[in-house]
Amino acid sequence: IHDQYYRLRDEFFYNINIYKELKEHDLKVNLKKKESLLTNARGLAAIDGIREREKQARAIQKQWLDVGPSPRENYQALADEFFGIIRPIFEEVKAHFDELRASFATHAEAKESLIEQLREAVAEEVEASHASWQLATTKIIALQTAWKTTGFAGKDQNEILWGKFRELADVFFQKKQLFYDAQKSVGKENKQLKVNLLEQAETTSKSTDWKTAVPQMMV
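A quick note: this is a predicted structure, and the numbers were derived from the prediction, not measured.

(A) Looking closely at the overall build of the protein chain. Broken down by element type, the protein chain carries six helices and zero strands. Each helix and strand of the protein chain, placed in order from N terminus to C terminus, yields the pattern α-α-α-α-α-α. Buried residues in the protein chain amount to 24% of all 219 residues. Restricting the contact set of the protein chain to residue pairs at least 6 apart, pairs at least 24 apart contribute 74%.

(B) Structural context of the pattern of salt bridges. Following the criterion strictly, the structure yields seven salt bridges and no others. Between Arg-53 and Glu-92 there is a salt bridge; the shortest N-O distance is 3.0 Å. On the criterion of sequence distance, the pair formed by Arg-53 in helix H2 (residues 50–66) and Glu-92 in helix H3 (residues 72–123) is long-range, its members being 39 residues apart. With relative accessibility at 9%, the residue Arg-53 sits in the buried group. Given the relative accessible area of 36%, Glu-92 is considered partly exposed. With a shortest N-O distance of 3.0 Å, Lys-94 and Asp-98 are connected by a salt bridge. Of this pair, Lys-94 and Asp-98 both sit in helix H3, four residues apart, roughly one helical turn. For Lys-94, a relative accessible area of 54% corresponds to the exposed category.

(C) Spatial organisation of the confidence of the model for the protein chain. Scored by pLDDT, the protein chain has a mean of 84; 75% of the residues are at 70 or more. Of all the helices and strands in the protein chain, helix H6 (residues 210–217) carries the lowest mean pLDDT, 55, while helix H4 (residues 130–148) carries the highest, 95.

(D) How the structure looks around the side chain of Thr-150. By the secondary structure assignment, Thr-150 is in the loop between H4 and helix H5 (155–205). Here Thr-150 falls in the buried class, since its relative accessible area comes to 10%. A polar side-chain atom of Thr-150 sits 2.8 Å from a polar atom in the side chain of Lys-111. In this view, Thr-150 contacts His-107, Ala-110, Lys-111 and Leu-114; residues no more than four positions away in its chain are not counted.

(E) Highlighting the packing of aromatic side chains. All chains considered together, the criterion is met by 11 aromatic pairs. On the basis of an interplanar angle of 25° and a centroid distance of 5.7 Å, the ring pair of Trp-133 and Phe-179 is categorised as stacked. Here the residue Trp-133 occupies a position in helix H4, and Phe-179 occupies one in helix H5, the gap between them amounting to 46 residues. Overall, Trp-133 belongs to the buried group, its relative accessible area being 6%. Looking at Phe-179, the relative accessible area reads 10%, which means it is buried. Here Trp-147 and Phe-165 contribute two aromatic rings whose centre-to-centre distance is 4.4 Å and whose plane-to-plane angle is 25°, an arrangement assigned as stacked.

(F) Inspection of H2 at higher detail. With 17 residues, H2 extends 24 Å between its outermost C-alpha atoms, agreeing within 8% with the 24 Å of an ideal straight helix rising 1.5 Å per residue. All buried positions along H2 are accounted for by Ile-50, Arg-53, Glu-54, Ala-57, Ile-60, Gln-61 and Trp-64. The buried residues of H2 occupy one face: seen down the axis, they fall within an arc of 135°. What points out from H2, more than 90 degrees from its buried face, is the exposed set Arg-51, Lys-55, Lys-62 and Asp-66.

(G) Fine view of the nonpolar core. With 18 residues, the main nonpolar core has Ile-115, Leu-118, Trp-147, Leu-161, Phe-165 and Phe-172 as its most contacted residues. When residues of this core are traced back to their parent elements, those giving at least two are H3, H4 and H5. Here Phe-165 is in contact with Leu-114, Ile-115, Leu-118, Leu-143, Gln-144 and Trp-147, once residues within four sequence places are set aside. Judged by nonpolar contacts, the second largest core, of 16 residues, contains Ile-60, Trp-64, Leu-78 and Phe-82.

(H) Structural context of the side chain of Lys-111. Topologically, Lys-111 is positioned in helix H3. An unpaired buried charge is present at Lys-111: no salt bridge exists, and Glu-159, the closest side chain of opposite charge, is 9.0 Å distant. Excluding residues within four positions of it along the chain, Lys-111 makes contact with Trp-147, Thr-150, Gly-151, Ala-153, Asn-158 and Leu-161.

Each value, and the rule that gives it
Residues numbered from 1 in each chain as written. Predicted model: local features only at pLDDT ≥ 70, side-chain atom pairs only at ≥ 80, totals over all residues. Heavy atoms only, no water. Helix = DSSP H or I, 4+ residues; strand = E, 2+ residues; numbered from the N terminus. Buried < 20%, exposed > 50% of the residue type's maximum accessible area, 1.4 Å probe, protein only. Contact = heavy atoms within 4.5 Å. Salt bridge = Lys/Arg side-chain N within 4 Å of Asp/Glu carboxyl O. pLDDT = per-residue confidence, 0-100. Polar contact = N/O pair within 3.5 Å; in protein donor to acceptor, adjacent residues only side chain to side chain. Phe/Tyr/Trp six-rings, centres within 6.5 Å; stacked < 30°, edge-to-face > 60°. Expected span 1.5 Å × (residues − 1). Arc of directions from axis to C-beta. Core = buried A, V, L, I, M, F, W, Y, C linked by side-chain atoms within 4.5 Å. Lys, Arg positive; Asp, Glu negative; His and termini not counted.

Set out below in structure tokens:
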């Protein structure tokens with residue numbers, strides 16, 4: 001019994017020592033992993049694109065959180081330095097997107113203003129002349145050019161606003177087309193009248209009845 005007791009006790013402490021050695025080994029391995037990740041984090045500053053820098057930062061942070069515990073002596077110092085590098089990157093990304101959202105609102109206001117100006121221009125009565133329609137067209141084209149400089153208004157609003165603007169522009173050009181179609185029709189009628197007069201003149205020119213022919217040619 002005495003021998004069995006000491007044999008079991010020795011086996012217990014042997015296993016305890018193995019566990020401690022394995023745990024210490026794991027702590028050292030995890031320390032090396034964290035030191036490597038910390039080196040990678042320091043290199044994030046060299047990445048120019050903010051989106052790519054954020055992507056790499058999130059990937060490195062996930063790896064850091066997946067690593068097990070490391071020795072207590074420098075655990076906090078490593079964590080403080082690592083997150084001291086990572087957090088400012090995420091704060092920069094947040095500030096960047098906040099600025100983008102603010103610009104979206106500004107661009108949306110500019111687009112709304114152009115839509116109102118276009119609506120007023122389309123509602124104006126244009127005199128039935130080529131010069132008047134050319135002048136009105138110049139105004140519309142200027143608004144279309146201004147639209148291209150307003151910038152992106154966000155995924156939700158950009159297409160909606162563009163649809164309103166394009167619809168108003170289409171209305172204007174349809175009205176313009178109707179005017180020129182009418183002008184073309186009048187032109188055809190006038191041409192036919194002139195052709196008819198020409199035929200009459202040719203017929204009258206062959207007449208020897210001067211008393212009747214002369215007054216007809218003078219009309």
